[in-house]
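Spelled out, the chains give:
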Amino acid sequence: MLGMIWAQTRGGVIGAGGTMPWHLPEDLAHFKAVTAGHPVIMGRATWDSLPPRFRPLPGRRNIVVTRDLGWWADGATAVHSTSEALVQARSSASPEAWVTGGAQIYSALLPHADLCAVTDIDVDVAGDTLAPLLDAQWVDVAPAEWQVSARSGLRYRFRTLRRQ
Ligand SMILES: Nc1nc(N)c2c(n1)CN(C(=O)COc1ccccc1N1CCC(C(=O)O)CC1)C2
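Residues numbered from 1 in each chain as written. Predicted model: local features only at pLDDT ≥ 70, side-chain atom pairs only at ≥ 80, totals over all residues. Heavy atoms only, no water.

By size, the foremost hydrophobic cluster in this structure holds 23 residues, and its most contacted members are Leu2, Met4, Trp6, Ile41, Val99, Leu109 and Cys116. Every element with two or more residues in this core is listed here: strand S1 (2-9), strand S4 (62-65), helix H3 (82-90), strand S6 (97-101), helix H4 (103-109) and strand S7 (115-121). Apart from the residues lying within four places of it in its own chain, the contact partners of isoleucine 41 are Leu2, Ile63, Val65, Ala85, Leu86, Ala89, Trp98, Val99, Thr100, Gly101, Ile105 and Leu109. By size, the runner-up hydrophobic cluster in this structure holds 13 residues, among which are Ile5, Met42, Trp47 and Leu50. (Core = buried A, V, L, I, M, F, W, Y, C linked by side-chain atoms within 4.5 Å. Buried < 20%, exposed > 50% of the residue type's maximum accessible area, 1.4 Å probe, protein only. Helix = DSSP H or I, 4+ residues; strand = E, 2+ residues; numbered from the N terminus. Contact = heavy atoms within 4.5 Å.)

In this section: the side chain of histidine 38. Inspection of the secondary structure assignment puts histidine 38 in the loop between helix H1 (25-35) and strand S3 (40-43). Among the residues examined, histidine 38 registers a relative accessible area of 16% and is labelled buried. Histidine 38 has contacts with Gly59, Arg60, Arg61, Ser94, Glu96 and Trp98, leaving out every residue within four places of it along the chain.

In the vicinity of the ligand there are 17 residues, among which Ile5, Trp6, Asp27, Phe31 and Arg60 approach most closely. Isoleucine 5 is positioned such that a nitrogen or oxygen atom in its backbone is 3.0 Å from a nitrogen atom of the ligand. One of the backbone N or O atoms of threonine 100 is found 3.3 Å from a nitrogen atom in the ligand. Where the shell around the ligand is concerned, the elements lending two or more residues are S1 and H1. It is H1 that provides the largest number of residues to the shell around the ligand, a total of 4 residues. Taken together, the residues that form the shell around the ligand break down as 12 nonpolar, 2 polar and 3 charged. (Near = heavy atom within 4 Å. Polar contact = N/O pair within 3.5 Å; in protein donor to acceptor, adjacent residues only side chain to side chain. Nonpolar A, V, L, I, M, F, W, Y, C, P; charged D, E, K, R; others polar.)

Coordinates in, geometry out; function isn't part of it.
Following this line, the structure appears as structure tokens:
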């Protein structure tokens, strides 16, 4: 099973200048719970966007896609195509793997994805990076209730979508 996980604003923004212009601890806990114990596939820019103390993401095989054949980082498995990333993910013990960004990697792997875990944040933020557009074959597996973050006051909800 290949999943893709991201957090987006009302306008589908997932990033602005290489980071996410909000701080929603409940989403970070959700991200950690969903991906814990599974390989994660991310682009090099997303790797760079992780706070250094969280790199590599603990307890997960960190597969990093980069065109730079010389790129290397402690705790990362460097691969040079999304196809190679899938091969590495499938060679791990876990039956599922999660794509954690960014936009180019989501787009390249969307055709292979079985599940999308989308956090909707009820905020409008200008950003330069958008979430992949899910067409009508993607349907919510269950109703997602809006919640209000105790810490940030932001309204958010956790959605899970499958291809029909
Ligand atoms: N829904 C959804 N989808 C995504 N793809 C991602 C997210 N939310 C959030 N993301 C981030 O990079 C942002 O994270 C962080 C940002 C600032 C401080 C800590 C963190 N994190 C704390 C928990 C760490 C862990 O998981 O151990 C990871 C880093 C990717």
